[in-house]
Amino acid sequence: MQNWYDLPTYYDVSFSHEMSEELAFLKAVFNQYCNSKKTELLEPACGTGRLMTPLIRAGYDCTGFDLNEIALDYLRKRLKRNRLKANIFNGDMESFHVKPDTFDAAFCTVDTFRHLLTQNQAEQHLVRVAKALKKNGIYVLGLHLVPDTGLSNKVTCWTAKRGRLTVKSTMTMIKMDKKKRMETLKVVLKPQVINKKQSYTSVYQLRTYTLKQLMKLLDKISIFEIVNAYDEFYDISRPATINSKSEYVVLLLRKK
Ligand SMILES: C[S@@+](CC[C@H](N)C(=O)[O-])C[C@H]1O[C@@H](n2cnc3c(N)ncnc32)[C@H](O)[C@@H]1O
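The structure displayed is predicted, hence computed values, not measured ones.

**Considering the environment of Met 215**
- By secondary structure assignment, the location of Met 215 is in helix α6 (residues 211-221).
- Distance from Met 215 to Ile 226, taken between C-alpha atoms, is 9.8 Å for residues eleven residues apart in sequence.

See the structure below:
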């Protein structure tokens, strides 16, 4: 069994699949909501810098941290190779330290927030992000909710290519414990390098949220207001109405 975050090259190719909408959306949000001369961004759990690298290239000042040293090493080498600069450090989403009131915006998409497995960890994270943001700073938070109607898809497969490397990915929901609010997922990565076929299986857990549970959490900490919500299409011109049937949601939160 592997931790797929320990396979940064394969993770990065796999998750960069169809990320142009996500990236365009983030840039549109920062352009619309941040008015500093030099926009300062924070990415909690930045991993390989899949999103951060093109954002630095686009002129944003970025700070990112992650718990996984292998992913951070990949990111540092990637930045060096591309002659890009960012502030990268090893940190935990629950307990990270950055200079307060510094960032115009922060972002955390693709369910990363759900790696925080307890209510207390999730609260601590949101409080710390709010502390890091300037007044009216924006937090873009993207995660899957558990809809009333049940998940539409328990298995997702996709294939991504970069250069000569093709990675086939399969993500399967193998267990959902709504009482313990825990989802168990299995990811199989199959990189296909010339003459070689490999397969890596990773099993991990994420905290589950219904819309009600997410709203209750935000109400409790009471430091963000919801400016807008979007769906998996990341279309800034089309805010989505989220309801108990919603699956992937992207919330635009503003520090009060
Ligand atoms: C789905 S990946 C997302 C990486 C990156 N943000 C992206 O969009 O590609 C989730 C990341 O969260 C990191 N992670 C999980 N729990 C964490 C924690 N408590 N603190 C910091 N990073 C964490 C993992 O190491 C992994 O890099």
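Structure's up, so let's keep going.
**Here we look at the site of the ligand**
- As a structural note, the neighbourhood of the ligand is formed by 18 residues, with Ala 45, Gly 47, Asn 68, Met 93 and His 115 the closest of them.
- The residue inventory of the shell around the ligand, partitioned by class, reads nine nonpolar, five polar and four charged.

**Quick look at the environment of Asn 120**
- Structurally, the position occupied by Asn 120 is in helix α5 (residues 119-132).
- Given 10 C-beta atoms within a 10 Å radius, Asn 120 is considered exposed.
- Here the alpha-carbon distance between Asn 120 and Glu 94, two residues 26 residues apart in the chain, equals 8.7 Å.

**Quick word on the nonpolar core**
- Counting residues in hydrophobic clusters, the biggest one holds 47 residues, and the most contacted among them are Leu 26, Leu 41, Ala 105, Ala 106, Tyr 139 and Val 140.
- The leading source of residues in this core is strand β5 (residues 133-144), at six residues.
- For Ala 106, the contacting residues outside a window of four places in its chain are Leu 41, Leu 42, Glu 43, Pro 44, Val 129, Ala 132, Leu 133 and Tyr 139.
- One finds Trp 4, Tyr 10, Val 13 and Val 167 within the second-largest nonpolar core, a separate group that totals nine residues.

Criteria and cut-off values
Residues numbered from 1 in each chain as written. Predicted model: local features only at pLDDT ≥ 70, side-chain atom pairs only at ≥ 80, totals over all residues. Helix = DSSP H or I, 4+ residues; strand = E, 2+ residues; numbered from the N terminus. Near = placed C-beta within 6 Å. Nonpolar A, V, L, I, M, F, W, Y, C, P; charged D, E, K, R; others polar. Buried ≥ 20, exposed ≤ 12 C-beta atoms within 10 Å, placed from the backbone. Core = buried A, V, L, I, M, F, W, Y, C linked by C-beta atoms within 7 Å. Contact = placed C-beta atoms within 7 Å.

Don't take any of this as a statement about function, it's just geometry.
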